[in-house]
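A look at the structure
Here is how the chains run, residue by residue.
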Amino acid sequence: MNYLSRRIAHLDMDAFFASVELLRYPQLRGLPVVIGGKSEHKPVRLEDGSLRFSRLRDYAGRGVITTATYEARAVGVFSAMGLMKAAQLAPDAILLPVDFDAYRHYSQLFKTAVASITPQIEDSGIDEIYIDLSSLPEDSLTLAKRIKQAVCDATGLTCSIGITPNKMLSKMCSDFEKPDGITILDLSDIPERIWPLPVRRINGIGPKAEKKLALLGISTIAELAQVELSLLQAHFGRGYATWLFEVAHGIDHRPVMTRSEPKSISRETTFEHNLHPRHDRTALSEALTALCTRVAQDLKSKGYVGRTISIKLRFEDFHTVTRDITLSTFIADPIAIRQAARECLRRVPLEKKLRLLGVRVSMLSSTHSLQVANVLTQGELLLEFQE
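Quick caveat, the model's predicted, so the values are computed rather than measured. Residue numbers run consecutively from 1 along every chain, following the written order of its sequence. pLDDT decides what is reported in this predicted model: residues at 70 or higher carry local features, side-chain atom pairs at 80 or more are listed and counted, and totals for whole chains, interfaces and linings draw on all residues regardless. No hydrogens and no water enter the side-chain calculation; it runs on all heavy atoms of the structure.

1. Quick look at the nonpolar core
- Counting residues in each nonpolar core, the largest one holds 39 residues, and the members touching the most others are Leu11, Phe16, Tyr103, Ile131 and Ile147.
- Every helix listed is a DSSP run of H or I at least four residues long, and every strand listed is a run of E at least two residues long, numbered separately from the N terminus. Mapped by element, the contributors of at least two residues to this core are strand S1 (8-13), helix H1 (16-24), strand S2 (33-37), strand S7 (94-97), helix H4 (100-115), strand S9 (128-132), helix H5 (140-155) and strand S10 (159-164).
- In terms of residue count, the dominant contributor to this core is H4 (seven residues).
- What makes two residues a contact is simply this: any of their non-hydrogen atoms within 4.5 Å. Once residues within four sequence positions are removed from consideration, Ile131 is found in contact with Arg7, Ile8, Ala9, Leu11, Val114, Thr118, Gln120, Ile121, Ile147 and Val256.
- Ranked by size, the runner-up nonpolar core spans 30 residues in total, among them Ile265, Ile309, Leu313 and Leu357. Note on terminology: a nonpolar core comprises buried Ala, Val, Leu, Ile, Met, Phe, Trp, Tyr and Cys residues joined through side-chain atoms within 4.5 Å. Exposure classes here rest on a 1.4 Å probe applied to the protein chains alone. A residue is buried below 20% of its type maximum, exposed above 50%, and partly exposed in between.

2. Describing the sheet that holds strand S5 (residues 54-55)
- Pairing between strands is defined by DSSP: at least two bridges between the two strands are required. Reading across from one edge, S5-S7-S2-S6 is the order of the four strands in this open sheet, with mixed pairing throughout. The sheet terminates laterally at S5 and strand S6 (67-68), the two strands that pair on one side only.

3. Examining the sheet that holds strand S11 (residues 182-184)
- The strand order across the open sheet built from five strands is S8-S9-S1-S10-S11, with neighbouring strands paired in mixed fashion. Two strands lie at the open edges of the sheet, namely strand S8 (121-123) and S11, each paired on one side alone. For this sheet, the mean inter-axis angle between neighbouring strands, taken without regard to orientation, is 15°.
- Packing of H4 onto the sheet brings it into contact with S1, S8 and S9, and relative to S9 it is tilted by some 5°. In this analysis, axes come from line fits to C-alpha atoms, helices being fitted only over the stretch in contact, and the angle between any two N-to-C directions falls in the range 0 to 180 degrees.

4. Let's talk about H4
- To estimate the expected span of a helix, subtract one from its residue number and multiply by 1.5 Å. A rise of 1.5 Å per residue sets the reference length of H4, with its 16 residues, at 22 Å; its end C-alpha atoms lie 22 Å apart and thus fit the reference within 8%.
- Within H4, the full set of buried residues consists of Phe100, Ala102, Tyr103, Tyr106, Ser107, Phe110, Lys111, Ala113 and Val114. All buried residues of H4 lie within an arc of 160° about the axis, which places them on one face of the element. Throughout, the arc means the angular range of directions from the helix axis out to the C-beta atoms.

5. Considerations on the pattern of salt bridges
- Criterion for a salt bridge: a side-chain nitrogen of Lys or Arg within 4 Å of a carboxyl oxygen of Asp or Glu. If you walk through the whole model with that rule in mind, you get 20 salt bridges.
- Close ionic contact of Asp123 with Lys111 constitutes a salt bridge, the shortest N to O distance being 2.9 Å. Placement of Asp123 in strand S8 and of Lys111 in helix H4 is noted, with a sequence separation of 12 residues between them.
- Notably, a salt bridge pairs Lys148 with Asp180, separated by 2.6 Å at the nearest N-O pair. Separated by 32 residues along the polypeptide, Lys148 in helix H5 and Asp180 in the loop between helix H6 (167-173) and S11 bring together distant segments of the chain.
- According to the relative accessible area criterion, Lys148 is buried, its value standing at 12%.
- One network of salt bridges, with partners in common, ties together Asp12, Asp14 and Lys178.

6. So, the confidence of the model for the protein
- Predictor confidence is given residue by residue as pLDDT, running from a minimum of 0 to a maximum of 100. Residues at a pLDDT of 70 or more form 93% of the protein, whose mean pLDDT is 89.
- Within the protein, S10 carries the highest mean pLDDT (98), whereas helix H14 (residues 367-386) carries the lowest (47).
- Across residues 375-387, where pLDDT falls below 50, the model places zero contacts with residues more than four positions away in sequence or in other chains.

7. Comments concerning the side chain of Thr269
- Residue position: Thr269 is located in strand S12 (residues 264-275).
- Excluding residues within four positions of it along the chain, Thr269 makes contact with Ala80, Leu291, Arg355, Leu356 and Leu357.

8. Remarks on the layout of surface pockets
- Only protein atoms enter the 1 Å grid used here, on which a cavity is any set of points holding a 1.4 Å probe that cannot leave and a pocket is any open set flanked by protein within 12 Å on both sides along at least five of seven lines; residues with an atom within 4 Å of a point are listed as lining. Grid points are joined across faces, edges and corners, and a volume is the space filled by probe spheres set on the points. The computed volume of the second largest pocket comes to approximately 410 Å³.
- For the lining of the second largest pocket, the secondary-structure elements that each account for two or more residues are helix H12 (281-302), helix H13 (334-345) and strand S15 (354-366).
- The greatest single-element share of the lining of the second largest pocket, amounting to four residues, is contributed by H12.
- Each residue is assigned to one class: nonpolar for Ala, Val, Leu, Ile, Met, Phe, Trp, Tyr, Cys and Pro, charged for Asp, Glu, Lys and Arg, and polar for all the others, Gly among them. Residue composition of the lining of the second largest pocket, grouped by class: eight nonpolar, two polar and five charged.

This is how it looks when you write it as structure tokens:
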């Protein structure tokens, strides 16, 4: 298919975890709500049948926010922010604990709803997917509305959709009209809609690359698009420089991978402020637990287990290190993943403040493949016994 004729959609659920909680507690709609508490922050039912909710001002500890409603975001409260800092900005915000079982359930519901319209879906996480609409007869706006309605009918939740000729642009565009928005863009719209944006809006340009580009006087995508490829190669190397040059011009040839076998599954978080390994140990421990839980949830939803567990640390000076450990058995349990990740951490001198923490599981095998292998092994043992 001609690259320019492709129609790739990126669907992103709106404030997914928080929105699922609002289905359970509709009385909280329109209020600032933060997800990130512990089990003791569950609402308490009073004698008159009403619920008493925890408030952010009452939180004590070093925990971080998983997500927040748009009302909380409006006052500067965002995911990965420390709960104590958030309490200073929105002391009256409602605090709820994380419920990954509920989020996985609604994730499966919305993906099944989209699959009823087209199977050309790439699973990109618990709350987002890519969809190849190129072969469908309807126009893009009609398809977007149809998909959004199917998601709403199945879950009661809203989503935002970006539709462009490629995955990179679509992921950017799904964020333009949040919440409950639709953005449709073609390559002729790039100078007006994409180039004025800061370079960090491109998925794949992290803080380190952003800082290096800034030293070259490049802060917007337009400025990046005007730079000669040879200059980028001199500062970033051939491969990454070519990628920077292409994405600045809206070029991304990656297909929607409907049946891809992942090599690894990972999660990472950049802290709102650098955390000290000793003074902020509780917050770091909670962040590690949250990452391991989300990786385990991703493994379960995709049907994989893994043997190699890795951690990624980026320090305040942007120096990045990784450590990994390969186990004798496959795992997907969050507790086992966390134990292995802690073993990796013990091999890193923690003397500087941390700005990023990541967890990855690789050397994957599908649970179905392992089940088949176990059946075959048992069959071979049975034959040996009969002989």
